[in-house]
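# Observations on the three-dimensional arrangement
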Amino acid sequence: MNTLEEKYRTLFGAYLGMMLLDEYPYKAYKLKEIKDYINDFTNTYQLYNYDFNEYLNKVDKQESDIVKLQDLQRVGLILEFDTELKYIIKQKIRDIKKGGQDER
């Protein structure tokens, strides 16, 4: 996999990771912010045969919830997430690890 595909995978993983955070009150706003960032990125750095929904489904099937949340942490550095959201992401990762489950 080339580095552009890895960046796409990370961005889409972050979007999916945000979808896991029902406890975050501003989830809808962050999803839009992440999607706008993905759209800007994909318009600048185009991948052959790219389709948003198809790629989202592909990443959703291939990555675990922990990886999606870790991708969200990475993108959070770029988008400068607030402290509350950073804490919620870390807590969600801990809860998944503690429960011994990594749901897909």
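About the thresholds
- Residues numbered from 1 in each chain as written.
- Predicted model: local features only at pLDDT ≥ 70, side-chain atom pairs only at ≥ 80, totals over all residues.
- Heavy atoms only, no water.
- Helix = DSSP H or I, 4+ residues; strand = E, 2+ residues; numbered from the N terminus.
- Rg over C-alpha atoms; globule rule 2.2 N^0.38 Å.
- Buried < 20%, exposed > 50% of the residue type's maximum accessible area, 1.4 Å probe, protein only.
- Contact = heavy atoms within 4.5 Å.
- Areas by Shrake-Rupley, 256 points an atom, 1.4 Å probe, with all protein chains shown as cover.
- Lys, Arg positive; Asp, Glu negative; His and termini not counted.
- Charge placed at Lys NZ, Arg CZ, Asp CG, Glu CD.
- Salt bridge = Lys/Arg side-chain N within 4 Å of Asp/Glu carboxyl O.
- Core = buried A, V, L, I, M, F, W, Y, C linked by side-chain atoms within 4.5 Å.

Looking only at helices and strands, the protein chain features five helices and zero strands. Shown N-terminal to C-terminal, the secondary structure of the protein chain runs as helices and strands in the order α-α-α-α-α. Over its C-alpha trace the protein chain gives a radius of gyration of 13 Å, about what one expects of a compact globule, namely 13 Å for 104 residues. Each of the three principal axes of the protein chain carries a C-alpha extent, and together these read 40 × 25 × 20 Å. Within the protein chain, buried positions represent 39% of all 104 residues. Excluding contacts between residues fewer than 6 apart, the proportion of contacts in the protein chain whose partners are at least 24 apart in sequence is 72%. On the protein chain, roughly 6,600 Å² of surface is accessible, and the fraction owed to carbon and sulfur atoms is 48%. On the protein chain, the mean spot of the 17 positive side-chain charges and the mean spot of the 19 negative ones are 3 Å from each other.

Attention now moves to the pattern of salt bridges. This structure, assessed with the given rule, holds eight salt bridges. Put simply, glutamate 33 and lysine 30 hold a salt bridge, and the shortest N to O gap is 2.9 Å. Residue glutamate 33 and its partner lysine 30 are both found in helix 2 (residues 27-44); the two are separated by three residues, about one turn of the helix. Glutamate 33 sits in the partly exposed class, given a relative accessible area of 28%. The buried category is assigned to lysine 30, whose relative accessible area is 12%. A salt bridge links lysine 68 to aspartate 65; the shortest N-O distance between them is 3.7 Å. Within this pair, lysine 68 and its partner aspartate 65 are both found in helix 4 (residues 65-79), separated by three residues, close to a single helical turn. Among the residues examined, lysine 68 registers a relative accessible area of 2% and is labelled buried. For aspartate 65, a relative accessible area of 7% gives the class buried. Put simply, Asp60, Asp65 and Lys68 are held in one network by salt bridges that share partners.

Another aspect to go through is the nonpolar core. Phe12, Met18, Leu21, Ile34, Leu72 and Ile89 are the most contacted members of the largest nonpolar core, which has 29 residues in total. Breaking this core down by element, the ones donating at least two residues are helix 1 (3-19), helix 2, helix 3 (52-62), helix 4 and helix 5 (83-99). Not counting residues within four places of it along the chain, the set of residues in contact with isoleucine 89 comprises Leu21, Leu69, Leu72, Gln73 and Phe81.

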